[in-house]
There are 2 protein chains.
Amino acid sequence: MSAVRNVLFLMCDQLRRDCLSCYGGRVDTPNLDRLARCGVRFENAFVQSGVGGPSRMSFYTGRYVNSHGVTWNNVPLSAAEYTLGDYLRAAGRNATLAGKTHVAADAAALARFGIEVESERGALLREGGFASIERYDGHRPPGPESAYADFLRAHGYAGADPWSDYVIAADDGGRIVSGWQMRNAHLPARVAEEHSETAYLTDRALGWIEAQGASPWVLHLSYAKPHWPYLAPAPYHELYRGRDVGPIRRGAQDGTAAEHPVVRAYRAHDEALAFAREEVARHVRPTYMGLVAQVDHHIGRVLDALVAQGRMEDTLIVFASDHGEFAGDRGLGEKELLYDEIVHVPFIVCDPDQRADATRGGTEKRFVEAVDVLPTILDALGVAGAPHRIEGRSLLPLLRGEAVPAWREAVFAELDYGFRRARRVLDRGVQECRGFMVRTARHKYVHWQGFRPQFFDLAFDPDEYDDPGAETGFDPDRQRLAERLFDWLATRKRRTTVSDADVERNTDTHQARGIHLGVW
Amino acid sequence: MSAVRNVLFLMCDQLRRDCLSCYGGRVDTPNLDRLARCGVRFENAFVQSGVGGPSRMSFYTGRYVNSHGVTWNNVPLSAAEYTLGDYLRAAGRNATLAGKTHVAADAAALARFGIEVESERGALLREGGFASIERYDGHRPPGPESAYADFLRAHGYAGADPWSDYVIAADDGGRIVSGWQMRNAHLPARVAEEHSETAYLTDRALGWIEAQGASPWVLHLSYAKPHWPYLAPAPYHELYRGRDVGPIRRGAQDGTAAEHPVVRAYRAHDEALAFAREEVARHVRPTYMGLVAQVDHHIGRVLDALVAQGRMEDTLIVFASDHGEFAGDRGLGEKELLYDEIVHVPFIVCDPDQRADATRGGTEKRFVEAVDVLPTILDALGVAGAPHRIEGRSLLPLLRGEAVPAWREAVFAELDYGFRRARRVLDRGVQECRGFMVRTARHKYVHWQGFRPQFFDLAFDPDEYDDPGAETGFDPDRQRLAERLFDWLATRKRRTTVSDADVERNTDTHQARGIHLGVW
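What you see is a predicted model, and the numbers here were worked out from it, not measured in a lab.

Peer 1: Outline the overall build of chain A, supporting the account with residue identities and numerical values.
Peer 2: Helix and strand content of chain A: 18 helices and 17 strands. Taking 520 residues into account, the globule formula puts the C-alpha radius of gyration at 24 Å, and chain A, at 23 Å, falls close to it. If you line up chain A on its principal axes, its C-alpha atoms span 95 × 65 × 50 Å. Residues classed as buried in chain A amount to 54% of the 520 residues present. Look at the contacts in chain A between residues 6 or more apart in sequence, and 72% of them connect residues 24 or more apart.

Here it is as structure tokens:
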């Protein structure tokens, strides 16, 4: 294998790590398993947020949520942030998108700076620096940025909103029902598998890759699935059954007074109220598992195409999920909270470089984070980054078995529940809803604004069920974790308008600039 | 007195609080004392940085250094930040500048957004949102942004650089010597007082105020003095003598191994090497005091003009300094370090509104900060701010004697010594040089990246001489201060692209947006 010329950055939405067979899970994912055999499967990969938008912005900027500022879905990405596409463009390359990004445009900045949204510059700022094959964020009727609705109509799914009428609709014995209703999760979607969202995005990507020929490329193929609505096209709707689900896991503190107030407040959310009923989780999970299998199938098509075109030889492949999902574990639905079901994600990287042969097919236990993806891609392509902004680290030294003197011993994630019902349940202001997680190999500690922290000793409580709560006194372990979180907050990269090299060059230079201090 | 129509925001550069007679100091400042009698003199006002650039950006944005990102002088102010001028302009008003801002333009952002530096939009971004009568940053030969060099030439100070040849030059018995050399501080500058920087800026401001007539205005009159070079025009060069200086204060730990490593590293700076010699401090301080008296004199001219024009009746006057200076105390020169000589500043506000009559001539002991100036000005003018960005609080309730249920119990400041020789002395990387101060009425605690904290119990050690250092074990006071600092860092305003009102409006609205969670 040879040097990296192309990058394929694959992402799934709301894919739980413990689904994949290569992670010991219950869904057979032969293609992701194959990818893992070609590269490195990371055992301890974490995202920076349990919410898609913030998590993705960390992937795209290489910065923690506290640095890029997108604390929840639909918070605009500041025009002052630099993304993968921006760094690549400065080197004469593009980052191209097929699928989901969840980027919200900083319209106020565009207006302030006099940039037309529809201009080339405006489009890049609007789309987080990506050039688009197709933006498709999923879980809503496709908007004008996507050709999917037209594609559906061209294939016989007539109507103004074929997504709602076919893709997330089912035929229940002659009655058309909605995939938004979880009771219908066992039914096949009214769309043929080859016209489903996952198939469609794969087709768009494959066509584009082929059209590139020998030209180098960087593609972000970002699937909107297995994210809800929980409805799969045949045959994936019936690939798994209730018996395949395994245990729905509850902790002894779930819903009790011993539980953390923020977690308890999340139980007031619609999805938690539903998923707290085990029969809901048992009814929905097989469909979720089928959606995972479907994504795996289409990733297999992509891998096959790369093999056929000789592109496995020169393409760095990164596979990640933006976060997991509870699906009934802990009696919760959805995501957001900073438990490992949510922030500990599947992550596989295949580096074609021959220096990576030594690690090929292996696993890596060191902590990696979403913020590492951008610097890894830049490093692989030999494109300069910006150490004064980028907070992640290139993973190439790990992939290539190089000696790394010091690696991180903790990972960090954040939550802002200001937009959620939990805020009203807890009677908090919109600026008072932040949580910060630090997780080491041994512990997890979550600081909650206005409430006691959560704390778990993972050696004795790997499932994070036993939070000692406010009962304990001074604990040196908790103290150390709080200090680690402090150090992390205090070292975020705020000085973003001047490069580290410029600081180095301008250190102690007042004399040269005609400023004469301390001269007698 | 009536409602506020105009704002005069007066600032001095490097003016120590304990110089002013109204603060019990050794310089007779009748005009600032007069201003204090018309308004409120704040006993506990703190700046957010001991360095001019960062401190000023906190005044201009209402945000802490950690939020606006200008961690040291000449770090560009991100184009994404909003300043006083930006908020006023959105309400159809301007913030006009005469003097110093230390704003460095975010040229990279302007280029990225396709904004010409010389365009109207570019000029505002370049100048931190201020419309300019005249930008004059001082302590360098005036650049093209200032008319001062031409003014000097028009008044007979010939040559390419009349600032260096006259304003900071002196005649030592027929030999022309430089004010950069502190040995010359006792000599009068070669510029006549009425042509000095302070007189010139005052004239520019007075002319402009008069030209406004009855139109409302907001003026930032920002003096470059008493900042070095330490050279005063006659008669201010000889207003004070060595006997007026008073004690140069040293602590028992100064320069010893017990001292904090960062403080010790600052002793390697040219200004500290010079000011460590008491004769240097004793030689320079009278001139510094004279420069303070000169600024006071010209502020008196401004006040007289406002009285004459009836503008005291409708003008909010804010007076502040960007930081203090050591001038030999602790054996240090200049500023930067987070001692009270530097961050505890003079601060006077005169609110013409009759609701402020109750506090007129009084003092206020509650903690106020530089970040409060912007929200105070906006509040006085009835201009909307942006609670999702602005971190300070309006001082009008304090000025108008309103009941304020909860006020801050601590103030915060920061230092980034990445650009200083101290970094090389300590062998630190450019991202490893941050300090964070929290000060309560009782304690000061400074967290230093990579080093032990500084800690002072001000009840028993008001001069901050006795840092217990690393010797002590667990201390509940230190612990509480560290937690306070953590809470402060964790609550900085990062979600700057969406308003608080929008978050409130969009809380728990997924259903309305067509996203149906948890529906069975």
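Moving on, there is more to tell.
Peer 1: Describe the relation of the copies chain B and chain A, and please don't skip the residues or the numbers.
Peer 2: When chain B is fitted onto chain A, the two copies agree to an RMSD of 0.1 Å after a turn of 180° and an axial shift of 0.0 Å. Between the two chains, the operation in question is that of a two-fold axis. Both copies share a contact surface, since 100% of the interface residues of chain B are interface residues in chain A too.

Peer 1: Go over the environment of Pro54(A) with me, naming the residues and quoting the values.
Peer 2: All names here are of chain A. Along the chain, Pro54 falls in helix H2 (residues 52-61). When the 31 C-beta atoms within 10 Å are taken as the criterion, Pro54 is described as buried. Discounting residues that sit within four places of it in the chain, Pro54 has contacts with Gln48, Ser49, Val65, Val70, Thr71 and Trp72.

Peer 1: Explain the confidence of the model for chain A to me, using residue names and the numbers behind them.
Peer 2: Residues shown with low pLDDT carry predicted positions that ought not to be read at fine detail. The predicted model of chain A has a mean per-residue pLDDT of 96, with 99% of residues at 70 or higher. Interface confidence in the predicted complex, given as ipTM, is 0.95; pTM for the same model is 0.97.

Peer 1: Any details on the interface of chain B and chain A? Residues and values, ideally.
Peer 2: With 64 residues of chain B in contact, the opposing surface of chain A contributes 64 residues. The set of elements that each furnish at least two residues to the side of chain B that touches chain A consists of helix H5 (107-112), helix H11 (270-275), helix H16 (421-426), strand S15 (434-439), helix H17 (476-490) and helix H18 (500-505) of chain B. A per-class count over the side of chain B that touches chain A returns 26 nonpolar, 20 polar and 18 charged.

Peer 1: Please provide a residue-by-residue account of the pairing of strand S14 (residues 411-416) of chain A, values included.
Peer 2: Residues and elements named next belong to chain A. Of all 6 residues in S14, 6 are buried, a share of seventy percent or more. Residues Val411, Ala413 and Leu415 line one face of S14 and the alternating positions Phe412, Glu414 and Asp416 line the opposite face, and both faces are buried. As defined by bridge partners, S14 adjoins strand S15 (residues 434-439) across 6 bridges and the pair is classed as antiparallel. Among the inter-strand pairings, Leu415 is bridged to a residue of S15, identified as Gly435.

Peer 1: Give a detailed account of helix H1 (residues 30-38) of chain B, specifying residues and quantitative values.
Peer 2: Residue and element names in this part refer to chain B. Where H1 is concerned, the buried positions are Asn31, Leu32, Leu35 and Ala36. Burial along H1 is one-sided: seen end-on, the buried residues are contained in an arc of 150°. Of the surrounding elements, those touching the buried residues of H1 are strand S2 (40-42), helix H12 (278-308), strand S9 (315-321) and strand S11 (347-350).

Peer 1: Outline the sheet that holds strand S16 (residues 443-448) of chain B, supporting the account with residue identities and numerical values.
Peer 2: All names here are of chain B. If you walk across this open sheet you meet the 4 strands as S14-S15-S16-S17, and the pairing is antiparallel. On the outer flanks of this sheet lie strand S14 (411-416) and strand S17 (451-457), each paired with one strand and no other. Neighbour-to-neighbour, the strand axes of the sheet open up by a mean angle of 15°, direction not taken into account. Looking at chain direction, S15 and S16 are connected through 5 bridges and run antiparallel. Residue pairing for S16: Val438 is matched across the bridge by Tyr445. Its contacts with the sheet put H17 on S14, S15, S16 and S17, and the angle it makes with S16 is roughly 65°.

Peer 1: Go over the pairing of strand S8 (residues 218-226) of chain B with me, naming the residues and quoting the values.
Peer 2: All names here are of chain B. Of all 9 residues in S8, 9 are buried; the element is thus mostly enclosed. The sheet contact formed by strand S1 (residues 6-13) and S8 spans 6 bridges and is parallel. If you follow Phe9 over to S8, its bridge partner there is His220. Examined bridge by bridge, strand S4 (residues 96-99) and S8 share 4 bridges and lie parallel to one another. Of the residues in S8, the one forming a bridge with Gly99 is Ser222.

Peer 1: Describe in detail the sheet that holds S9(B), supporting the description with residues and values.
Peer 2: Residue and element names in this part refer to chain B. In spatial order, the strands read S5-S4-S8-S1-S9-S11-S2-S12; together these 8 strands make up an open sheet with mixed pairing. Looking at the sheet topology across the chains shown, the edges are occupied by strand S5 (131-135) and strand S12 (362-364). For this sheet the average axis-to-axis angle between neighbouring strands, irrespective of direction, equals 15°. Relative to S9, S1 runs parallel, the two sharing 7 bridges.

Peer 1: Can you tell me about unusual backbone geometry, naming the residues and giving the values?
Peer 2: Geometrically, the link from Ala234(A) to Pro235(A) is a cis peptide bond, its omega value of 5° lying close to zero. By the element assignment, Pro235(A) lies in the loop between strand S8 (218-226) and helix H10 (261-266). Residue Pro229(B) follows Trp228(B) across a cis peptide bond; omega there is 0°. Secondary-structure assignment places Pro229(B) in the loop between S8 and helix H10 (261-266). One non-glycine residue, Gln14(B), lies in the positive phi region at around 65°. On the secondary structure map, Gln14(B) appears in the loop between S1 and H1. Exposure remark for Gln14(B): the 23 C-beta atoms within 10 Å place this residue in the buried category.

Peer 1: Talk me through the packing of helix H1 (residues 30-38) of chain A against helix H12 (residues 278-308) of chain A; I want residue IDs and the actual numbers.
Peer 2: Residues and elements named next belong to chain A. In the contact formed by H1 and H12, the axes pass within 7 Å of each other and the chain directions differ by 50°. It follows that H1 is oblique to H12 by the angle criterion. Touching Pro30, Asn31, Leu32, Arg34 and Leu35 of H1 are Asp296, His297, Ile299, Gly300 and Leu303, all from H12. Looking at the contact of H1 with H12 residue by residue, the class counts come to 5 nonpolar, 3 polar and 2 charged.

Peer 1: Provide a residue-level description of the environment of Leu398(B), including the pertinent values.
Peer 2: Residue and element names in this part refer to chain B. With respect to the helices, strands and loops of the structure, Leu398 is situated in helix H15 (residues 396-399). On the basis of neighbour counts, which here come to 22 C-beta atoms within 10 Å, the residue Leu398 falls in the buried class. For the pair Leu398 and Glu364, spaced 34 residues apart in the sequence, the C-alpha separation amounts to 7.9 Å. For Leu398, the residues in contact, after removing those within four places along its chain, are Glu364, Arg366 and Val404.

Peer 1: Would you mind going over the environment of Arg421(A) in detail, with residue names and values included?
Peer 2: Here Arg421(A) lies in helix H16 (residues 421-425). When the C-alpha atoms of Arg421(A) and Asp270(A) are compared, they prove to be 9.3 Å apart, with 151 residues separating the residues in sequence. With near-sequence residues (within four places) excluded, Arg421(A) lies in contact with Ala268(A), His269(A) and Asp508(B).

Peer 1: Tell me about helix H14 (residues 373-381) of chain A, and please be specific about residues and values.
Peer 2: Residue and element names in this part refer to chain A. Of all 9 residues in H14, 8 are buried; the element is thus mostly enclosed. Along H14, the residues classified as buried are Val373, Leu374, Pro375, Thr376, Ile377, Leu378, Asp379 and Ala380. On its buried face, H14 is in contact with strand S1 (6-13), H2, helix H4 (84-90), strand S9 (315-321) and helix H15 (396-399). Of the residues flanking the end of H14, it is Gly382, one or two places downstream, whose phi is positive at about 70°.

Rules and cut-offs
- Residues numbered from 1 in each chain as written.
- Chains lettered and ligands numbered in written order.
- Predicted model: local features only at pLDDT ≥ 70, side-chain atom pairs only at ≥ 80, totals over all residues.
- Helix = DSSP H or I, 4+ residues; strand = E, 2+ residues; numbered from the N terminus.
- Rg over C-alpha atoms; globule rule 2.2 N^0.38 Å.
- Buried ≥ 20, exposed ≤ 12 C-beta atoms within 10 Å, placed from the backbone.
- Contact = placed C-beta atoms within 7 Å.
- Least-squares fit on C-alpha atoms with pLDDT ≥ 70 in both.
- pLDDT = per-residue confidence, 0-100.
- Nonpolar A, V, L, I, M, F, W, Y, C, P; charged D, E, K, R; others polar.
- Pairing = 2+ DSSP bridges.
- Arc of directions from axis to C-beta.
- Axes fitted to C-alpha atoms, helices over the stretch in contact; angles between N-to-C directions.
- Parallel < 35°, antiparallel > 145°, perpendicular 65-115°, else oblique.

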